[in-house]
Amino acid sequence: MIDVRPFSSLGGANHGWLNAKHHFSFAGYHDPSRMGWGRLRVWNDDEIAAKSGFPPHPHADMEIITYVRTGAITHEDSMGNRGRTPAGDVQVMSAGTGVRHAEFNLEDELTTLFQIWIETDKPGAKPSWGQREFPKSDRTGQFQVLASGDPSDDALAINADARVLGATLKAGESLTYSLAEGRRAYLVPAVGEVEVNGVKLNARDGAAIKDEAAIVITARADAELVMVDSL
């Protein structure tokens with residue numbers, strides 16, 4: 001099953017400094033049919049104006065992954081962490097027992113990003129934060145694991161049985177991903193147009209996938225992909 005959620009159908013709101021689109025129910029957007037996809041609870045597609053951002057606010061017991069598409073985001077939290085994550089790179093925060101953080105676009109240009117929330121497997125854990133560079137050259141024609149709950153993966157660690165993956169494809173290229181029985185995938189092309197097992201997906205559309213043992217993705221134009229594999 002592949003259920004396409006066109007970008008035009010997403011919920012969201014434009015706050016001036018923030019133009020947010022929500023793949024799942026979030027904040028003032030509520031759709032009973034889009035409450036999440038398995039353990040994946042939030043996938044926000046955010047555009048943050050230059051010199052603006054989210055002031056300090058709390059989180060708890062959630063795995064929060066930020067994939068920066070253009071520009072950069074600067075993070076600061078109550079654990080004393082501070083870091084700037086530029087386009088193509090990833091930051092993760094395991095909110096655990098509770099943390100306050102702020103996220104600002106300190107750049108002179110628009111920043112665009114995906115923020116992904118996955119339900120934690122370890123409620124009450126010690127909170128943590130990390131970031132890492134992920135050169136796009138390392139994921140040409142294949143998925144690279146960006147964040148994972150499996151310690152054997154060379155990726156940022158999260159407290160969830162899930163993987164966040166990224167890939168780039170040239171027009172005409174294909175890749176195949178094996179989805180284990182009982183697991184679900186959610187795929188969004190950050191850039192480009194693809195076919196997923198023959199189903200068309202435009203840039204920033206979402207595809208909720210289950211009961212597909214092999215996911216064959218073919219780029220109809222140069223594409224940058226982000227996908228979550230979870231229970």
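Residues numbered from 1 in each chain as written. Predicted model: local features only at pLDDT ≥ 70, side-chain atom pairs only at ≥ 80, totals over all residues. Heavy atoms only, no water.

Colleague: Mind showing me how you'd approach the side chain of Asp 46 here?
Modeller: Looking at the secondary structure, you find Asp 46 in strand E4 (residues 40-48). For the buried Asp 46, which has no salt bridge, the nearest side chain bearing the opposite charge is Arg 69, at an N-O separation of 7.6 Å. Leave out the neighbours within four places in its chain, and Asp 46 touches Leu 18, Asn 19, Ala 20, Lys 21, Phe 54, Arg 69, Thr 111, Thr 112 and Leu 113. (Helix = DSSP H or I, 4+ residues; strand = E, 2+ residues; numbered from the N terminus. Buried < 20%, exposed > 50% of the residue type's maximum accessible area, 1.4 Å probe, protein only. Lys, Arg positive; Asp, Glu negative; His and termini not counted. Salt bridge = Lys/Arg side-chain N within 4 Å of Asp/Glu carboxyl O. Contact = heavy atoms within 4.5 Å.)

Colleague: Any chance you could explain the nonpolar core here in plain terms?
Modeller: Side chains of nonpolar character tend, in soluble globular proteins, to be buried together. Counting residues in each nonpolar core, the largest one holds 25 residues, and the members touching the most others are Leu 40, Trp 43, Ile 65, Ile 116 and Ile 118. Excluding residues that lie within four positions of it along the chain, Ile 65 makes contacts with Val 90, Gln 91, Val 92, Phe 114, Gln 115, Ile 116, Ile 118, Ala 147, Ile 158 and Val 164. By size, the runner-up hydrophobic cluster in this structure holds 23 residues, among which are Phe 143, Leu 169, Leu 179 and Leu 187. (Core = buried A, V, L, I, M, F, W, Y, C linked by side-chain atoms within 4.5 Å.)

Colleague: When you look at empty space enclosed by the protein in this model, what are you seeing that I'm missing?
Modeller: Over the atoms rolls a probe the size of a water molecule, and its path tells where empty space is left. Summed over all chains, the structure comprises 1 cavity of 30 Å³ or more. The volume enclosed by the largest cavity comes to roughly 40 Å³. Ile 64, Thr 66, His 75, Gln 91, Val 92, Met 93, His 101, Glu 103, Gln 115 and Trp 129 are the residues that line the largest cavity. Broken down by secondary-structure element, the contributors of at least two residues to the lining of the largest cavity are strand E6 (62-70), strand E9 (90-94) and strand E10 (99-105). Split by residue class, the lining of the largest cavity holds 4 nonpolar, 5 polar and 1 charged. (1 Å grid on protein atoms, 1.4 Å probe; cavity = no way out; pocket = protein on both sides within 12 Å on 5 of 7 lines; lining within 4 Å. Points joined across faces, edges and corners; volume = space filled by probe spheres on them. Nonpolar A, V, L, I, M, F, W, Y, C, P; charged D, E, K, R; others polar.)

Colleague: Before we go on, may I ask you to explain the environment of Glu 109 in this structure?
Modeller: Within the secondary structure, Glu 109 sits in the loop between E10 and strand E11 (111-119). Given the relative accessible area of 46%, Glu 109 is considered partly exposed. Considered as a pair, Glu 109 and Leu 40 are 69 residues apart in the sequence and their alpha carbons are 30 Å apart. Those residues in contact with Glu 109 that lie beyond four places of it in its chain are Ala 50 and Gly 71.

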